[in-house]
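# Structural description and commentary
Here are the chains, one letter per residue:
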Amino acid sequence: MIEIIENANKEALEIIQNGQPTLIGLGIAEEVIPGMAKDLFLHAGPPITWEKMSGPLRGGVMAGLMYESMAATPEEAAEYAASGKLRFDPCHHHNAVGPMAGIVTARMPVWIVENKAYGNRAYCTLNEGLGKVLRMGAYGPEVIRHLQWMESVLYPVLKETIEIHGPIDLKVMITQALQMGDEVHNRNKAATSLLIREIAPSILKTSFSNEDKIAVLEFLNSNDHTFLNLSMPAAKATLEPAGKVKHSTIVYTMARNGTEFGIRVAATGERWFTAPAEIIDGLYFPGFSMEDANPDVGDSCITETLGIGGFSMATAPAIVQFVGGTPKDAVRYTTSMYEITTEESRFYKLPPMNFRGAPTGIDIRKVIETQVLPVINTGIAHKEAGVGQVGAGVVHPPMACFEQALEAYVNLLEDEGLLEE
Amino acid sequence: MTLQTSIKRNAYYDSVTLMLLSRELQKLDGVEDVLVGMGTDLNLDLARGLGLATDDFDSLTANDLFIAAKFEEDLISMQKIEEAFLETLNKSTESDGDDDYQPSSLHAAIQAIPGANMVVVSVPGQYAAAEVEDALDAGLHVMLFSDNVSVEDELRLKQKAVEKGLLMMGPDCGTAIINGVPLCFANAVRRGKIGVVGASGTGTQEVTAQIHKLGEGLSQVIGTGGRDLKDQIGGLMMIQGFEALIADSQTDVIVLISKPPAPAVAEKIYRIAKDSPKPVVIDFIGGNRAAIESVGAIACISLEDAAQKAVGILRGQPVTDFTGFSIAEEEIERLVANAAAKLKSDQTELRALFTGGTLADEAMKLLGVNYDIYSNIPLSPEMAIKNLPEGRGHICLDLGEDEFTRGRPHPMIDPQTRTDFFKSHVDGKTGVILVDVVLGFGSHSDPAGAVAASVREIRQRLSNQGKDVVVIASVCGTDLDSQDLHKSVATLEEEGILVMPSNAQAVRLTDRVMQRMIKGV
Amino acid sequence: MSVNDLFKQELKVVNLGLKSFHTDLKSQGVTAVHVNWKPKAGGKKKMLDLLSKINKVK
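Note on numbering: residues in each chain are counted from 1, in written sequence order. Think of it this way: whatever chain is written first is A, whatever ligand is written first is 1, and the rest follow in order. This being a predicted model, a pLDDT of at least 70 is required before a residue's local features are given, and a value of 80 or more before pairs of side-chain atoms are given or counted; all residues contribute to the totals for chains, interfaces and linings.

## Some remarks on the overall build of chain A
So the rule is basically this: Runs of E in the DSSP output that reach at least two residues are strands. Runs of H or I that reach at least four are helices, and both are numbered from the N terminus. All radius of gyration figures rest on C-alpha atoms, and the globule criterion is 2.2 Å times the number of residues raised to 0.38. Residues are called buried when their C-beta atom has 20 or more other C-beta atoms within 10 Å, exposed when it has 12 or fewer, and partly exposed otherwise; all C-beta atoms are positioned from the backbone. Any pair of residues counts as being in contact when their C-beta atoms, constructed from backbone geometry, are within 7 Å of one another.
Assigned secondary structure in chain A consists of 14 helices and 15 strands. For 421 residues, the compact-globule estimate of 2.2 N^0.38 gives 22 Å, and the C-alpha radius of gyration of chain A, at 20 Å, lies within 12% of that figure. In terms of overall dimensions, chain A has C-alpha extents of about 65 × 50 × 45 Å along its principal axes. Counting the 421 residues in chain A, one finds 58% classified as buried. In chain A, once contacts between residues fewer than 6 apart in sequence are set aside, the share between residues at least 24 apart is 74%.

Quick look at the structure:
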């Protein structure tokens, strides 16, 4: 039995290592995302209903409804959302990923990332920046206005920019950023800088007014996390084909919806294994504490699923102080991740680990044997819609997700008659 | 009084650390009772028994750490208790100065150290066998300190080890020194030409310390665990170690130490001894002298004697039983007379409190023959300690035995258990107290100091009755041990304790004093 | 590997269990690593059973 599993995992890792995530352009959600429609809102994490949604998700949905002109006020939006007229589905079911609340609506512009090695694509909205934003569940008029600006100015400029520039190899950009102090989940400063440097000349070459070009450049520059919305679909696109490998115990999805944490394992296909999301024990901004925190939320841990983000913490010492640790802690975290993964990345090398490759290919067997859980670097959202980020810290998925997955996996093998008695 | 439980999920600390933490937190002002432990059924029951249970207990798993406390709200808070917990924890890890990464599994550890060749296992018994199996499968030798490993597991693992040419020392193996590296409980001794295979922890410690004191050294000291020489195991490790020492170019004399083996097993060992090109000293404590000598091996009458004979043979000197004392008989007589003179006529009882099992054994072997001694390791079932009559009698206890180490660290690690017994078991009827003081790696940082403090307390207590007491001790250790042999001896002697150079001599001196004590002054 | 082979090698130790044993080894300059040990699969029987089912070599 072990041979079958080892071979399957080898195959899955080969797919992951070979991934070539490439930014090929931008599009409007309902035009490019499979299955997208006016009455469908995508969200982060595993499936969830309006009733179960926490503050940030609800706020995001309400903002989305007002943005789509399906509701005029927050009260109307809440009523509409509860009415059943609106469908909800995980971003992950539509080849998409979304940070924090991760709400995607029909009109929203999205990055289009293609995995050149296997042809599959992944989508992600453009990062709104910091402060009161939809992804933190804010739904005030300024949120809507900002989204409208992104749709009418940011999007067209960037779309033409990439058409002029041509596709951008995200794998290479992430590789470089990892050697510049980023882990491309919570720390994206270097990657964002590399992106802006790469596309700035092309921005200038577009047909838009100087005013618009300046606004776009200034916006991109004001937001260190611009690149997060590229590293996420890059990871998604890399992992998705591995999720089809039969009998593989490799985790290809980790995601949270603010209420539950969910994982998916290659062998069990699209099945979610969920458990209550945790409250993060991290460093809170002055005036805030664990009591204010929303449970863990967002698709951004798709980066950790790939072996970057928190798994590569050793390479981002700056982030560690922010989450209350020391550079030595960061190295310890990354080192421990090798115990639950399968291979070292052939491309994402980590200088403080003597250039060892990032720990890649989370194996549910190893997680359960060692009781070491994947480490995730994350921002913490206020539990009330719209207040925004209240801290940052390290969080883990619940062990229950992996235990459920192992049980389902063994049942699957039994059903297939692969287990000797 | 407030009852509260603090929980740290997915945290793991070893049992000794937790017990020491419990003890430290107990000292806090305002804390009436506190227990720190992993959320195992055993610990939860223990906590419930102490009246510390709260509703939080239902959510505890074996992977969670809990601090269950009963405290006076006006004097202290749970937060302060947690702070003290962290402080104490950090102190112990700080002094360790150990920044190294700690892998989460044996597998990862083996990858972290290329060339790893020895695994020391001291995890709870129910988990130990699986870890040992993994280690042997990976081709590593094993030192298995844990006890509560089944006989079936021990046999299976030792067979595997023998098949692969590996050492599997244990279970319940406390002492080994491999390539000059002390493992678990062992004394710092010089390298030399004498090799030892021992089934008894403190027995091995005493022999190696004595060899060092006599000026010779140890090539290899191999442990086998206490059950190795029983029929079910058949002496697998004793034989494995014995043959390795015969083949070892650095070993010239071999010493075997154990309680008497099962006869069939003894036979196997004698056969190997018979063909051994190197001299073999066999200390099967209280074993069959004639059988040993008939195969050309050298028999012993005590651990000290085994050391003396091994050294003698190495030096090509004639070998005789060492039955007496290192100091002149006149001096001994003087000591005995002075000691007996201190005692009142109703002070006629012995209190022997040992931390080392084999040292306690030695005491019982001699004293138990001459006197009726109640013990938890009695020479016959009627003399079990629970049978101690109303009128009382002599007591000799091995405080390292299971019944005394439930929820408490071994007395060699933490002297508190013996300190408690000094208080509870020594009174106006006690004439002579006999103890061992074991130094070396694994032992408490100042066992002599703890004994001295207890003796001080006893003398104060007894002086209220106008009485004194005779205390006899031996120190199992060397000048290289961190606890400083000479300082330890001095500490004891300052308290008026009679310190003998070996456990055997301490026991003999005790016998002499008891003869005088019982006949009356 | 045999016992006599071990006698010729530098001892390199993996410690599972009591931290004090590891501390003592380090204090003597012995190469040693302490394992942050937890019971395999957290000691959970159900998980151990599942793992043993799939860890069989065919």
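## Looking at the overall build of chain C
Counting its secondary structure elements, chain C contains 3 helices and 2 strands. Taken from N to C terminus, the helices and strands of chain C fall in the order α-β-α-β-α. Expected size for 58 residues packed as a compact globule is a radius of gyration near 10 Å; at 17 Å, chain C overshoots this value by more than 25%. Summarising its shape, the C-alpha atoms of chain C cover approximately 40 × 30 × 10 Å along the three principal directions. When burial is assessed residue by residue, chain C has 50% of its 58 residues classed as buried.

## With respect to unusual backbone geometry
Leaving glycine aside, a negative phi is the common case for residues, and trans is the common case for peptide bonds. Put simply, B:Gly170 and B:Pro171 share a cis peptide bond, and its omega is -5°. Along the chain, the position of B:Pro171 falls in the loop between strand 6 (168–169) and strand 7 (175–178). With a phi close to 50°, A:Met100 is a non-glycine residue in the positive phi region. Inspection of the secondary structure assignment puts A:Met100 in the loop between strand 3 (87–90) and strand 4 (109–115). Its identity is not glycine, yet A:Phe355 carries a phi of approximately 65°, on the positive side. In this structure, A:Phe355 sits in the loop between strand 12 (341–350) and strand 13 (356–362). The class for A:Phe355 is exposed, based on 11 C-beta atoms found within 10 Å.

## Structural notes on the environment of B:Phe441
Inspection of the secondary structure assignment puts B:Phe441 in the loop between strand 17 (430–438) and helix 15 (447–463). Take B:Phe441: there are 25 C-beta atoms within 10 Å of it, and that puts it in the buried class. Expressed as a C-alpha distance, the spacing of B:Phe441 and B:Pro182, which sit 259 residues apart in the sequence, is 7.3 Å. Not counting residues within four places of it along the chain, the set of residues in contact with B:Phe441 comprises B:Pro182, B:Phe185, B:Ala186 and C:Asp24.

## Some words on helix 11 (residues 303–314) of chain B
Residue and element names in this part refer to chain B. What counts, and what does not: Here a helix's expected span is defined as the number of its residues, less one, multiplied by 1.5 Å.
For helix 11, which comprises 12 residues, the first-to-last C-alpha distance of 17 Å matches the rise-based estimate of 16 Å (1.5 Å per residue) to within 8%. The buried fraction of helix 11 amounts to 11 of the 12 residues, a majority that puts the element mostly inside the structure. Burial in helix 11 covers these residues: Leu303, Glu304, Asp305, Ala306, Ala307, Gln308, Lys309, Ala310, Val311, Gly312 and Ile313. Just past helix 11, the residue Gly316 takes up positive phi, approximately 70°.

## Some details on the sheet that holds strand 16 (residues 394–398) of chain B
The strands making up a sheet associate through hydrogen bonds between their backbones, and the pairing can be parallel or antiparallel. Residues and elements named next belong to chain B. Test applied: Criterion used throughout: strands pair if DSSP finds at least two bridges between them. Each axis is a line fitted through C-alpha atoms, and for a helix only the stretch in contact is used; angles between axes span 0 to 180 degrees, taken between their N-to-C directions.
If you walk across this open sheet you meet the 6 strands as 15-16-14-17-18-19, and the pairing is parallel. Every interior strand has two partners, whereas the edge strands, strand 15 (373–375) and strand 19 (498–500), have only one. Going from strand to strand, the sheet's axes swing by 20° on average, the running direction of each strand aside. Pairing between strand 18 (residues 470–476) and strand 19: 3 bridges, direction parallel. Along strand 19, the bridge assignment pairs Ala473 with Val499. Packing against the sheet, helix 7 (residues 201–213) makes contact with strand 17 and strand 18, and its axis sits at approximately 80° to strand 18.

## Some points on helix 9 (residues 263–274) of chain B
Owing to its 3.6 residues per turn, the α-helix aligns residues three or four sequence positions apart on the same side. All names here are of chain B. Counted only if it meets this: When we speak of the arc, we mean the arc of directions from the helix axis to the C-beta atoms.
The terminal C-alpha atoms of helix 9 lie 16 Å apart, and with 12 residues this matches the ideal 16 Å at 1.5 Å per residue to within 8%. Taken residue by residue, helix 9 has Val265, Ala266, Ile269 and Ala273 as its buried positions. Taken around the axis of helix 9, the buried residues stretch over an arc of 100°, which confines them to a single face. In helix 9, the exposed positions angled more than 90 degrees off the buried face are occupied by Pro263, Ala264, Arg271 and Lys274.

## Side note on the domain arrangement of chain A
You'll often see interface size given as the accessible area lost when the parts meet. Residues and elements named next belong to chain A. Going by this rule: For each domain, the first and last residues come from an automatic or database assignment. Basically, the charged four are Asp, Glu, Lys and Arg, the nonpolar ten are Ala, Val, Leu, Ile, Met, Phe, Trp, Tyr, Cys and Pro, and anything else, Gly included, counts as polar.
Taken domain by domain, chain A comprises domain 1 (20–233) and domain 2 (244–415). Measuring from the centre of the C-alpha atoms in domain 1 to the corresponding centre in domain 2 gives 22 Å. Every contact between the two is made by 44 residues of domain 1 and, on the other side, 45 residues of domain 2. Secondary-structure elements contributing two or more residues to the side of domain 1 that touches domain 2 are helix 3 (55–67), helix 6 (170–178) and helix 9 (228–239). The leading source of residues in the side of domain 1 that touches domain 2 is helix 3, at 5 residues. Tallied by class, residues from the side of domain 1 that touches domain 2 come to 20 nonpolar, 17 polar and 7 charged.

## Overview of the pairing of strand 5 (residues 141–144) of chain B
Across a regular strand the side chains alternate sides, sitting on one face of the sheet and then on the other. All names here are of chain B. What counts is decided by this rule: With the strands pointing away from the viewer, any crossover whose connection runs clockwise from the first strand over the helix to the second is right-handed.
What you see with strand 5 is no split at all: His141 and Met143 on one side and Val142 and Leu144 on the other are buried throughout. Sheet analysis places strand 4 (residues 118–121) next to strand 5, joined by 4 bridges and oriented parallel. Within strand 5, the position partnered with Val120 by the bridge is Met143. Where the polypeptide runs from strand 4 across helix 5 (residues 125–137) and back to strand 5, its parallel neighbour, the crossover connection is right-handed. Of the pairings in the sheet, the one linking strand 5 to strand 6 comprises 2 bridges and is parallel in character. The partner of Val142 across the bridge, within strand 6, is Met168. Read as a crossover between parallel neighbours, the route from strand 5 over helix 6 (residues 151–164) to strand 6 is right-handed.

## Comments concerning the packing of helix 8 (residues 236–247) of chain B against helix 9 of chain B
All names here are of chain B. Put simply, the test is: Oblique is the label for every angle not falling under 35 degrees (roughly parallel), over 145 degrees (roughly antiparallel), or within 65 to 115 degrees (roughly perpendicular).
At a minimum axis separation of 10 Å, helix 8 and helix 9 run at an interaxial angle of 5°. Accordingly, the angle class assigned to the pair helix 8 and helix 9 is roughly parallel. Along the contact surface, helix 8 presents Met238, Ile239, Phe242 and Glu243, while helix 9 presents Lys268, Ile269 and Ile272. Taken together, the residues of the contact of helix 8 with helix 9 break down into 5 nonpolar, no polar and 2 charged.

## Overview of the interface of chain A and chain C
Each partner contributes residues to the interface: chain A has 15 residues there, and chain C has 13 residues. Elements with a contribution of two residues or more to the side of chain A that touches chain C: helix 1 (2–18), helix 13 (364–370) and helix 14 (399–415) of chain A. A class-by-class count of the residues in the side of chain A that touches chain C yields 8 nonpolar, 1 polar and 6 charged.

## Some thoughts on the interface of chain C and chain B
With 34 residues of chain C at the contact, the number on the chain B side is 47 residues. Among the elements that make up the side of chain C that touches chain B, the one with the highest residue count is helix 2 (residues 19–27) of chain C (6 residues). Classifying every residue of the side of chain C that touches chain B gives 15 nonpolar, 13 polar and 6 charged.

## A short note on the sheet that holds strand 5 (residues 121–125) of chain A
Residue and element names in this part refer to chain A. Spatial strand order, 5-4-1-6: 4 strands in an open sheet with antiparallel pairing. Bordering the open sheet on either side are strand 5 and strand 6 (168–169), each of which pairs with just one other strand. Direction of pairing for strand 4 relative to strand 5: antiparallel, over a ladder of 5 bridges. Residue pairing across strands places Val113 opposite Ala122, the latter belonging to strand 5. Contacts between helix 9 and the sheet are confined to strand 1 (21–28), strand 4 and strand 5, with strand 4 contributing the most and set at about 40° to the helix.

## Observations regarding the packing of helix 7 (residues 189–205) of chain A against helix 8 (residues 210–222) of chain A
All names here are of chain A. Between helix 7 and helix 8, the shortest axis-to-axis distance is 10 Å and the interhelical angle comes to 170°. Between helix 7 and helix 8, the angle is such that the two are roughly antiparallel. The segment helix 7 lies against helix 8, with Ile196, Ala200, Ile203 and Leu204 engaging Lys213, Val216, Leu217, Leu220 and Asn221. Across the contact of helix 7 with helix 8, the residue classes tally to 7 nonpolar, 1 polar and 1 charged.

## Regarding the environment of A:Leu126
Relative to the helices and strands, A:Leu126 is located in the loop between strand 5 and helix 5 (141–165). Each C-alpha atom of the pair A:Leu126 and A:Arg58 lies 20 Å from the other, and the pair is 68 residues apart in sequence.

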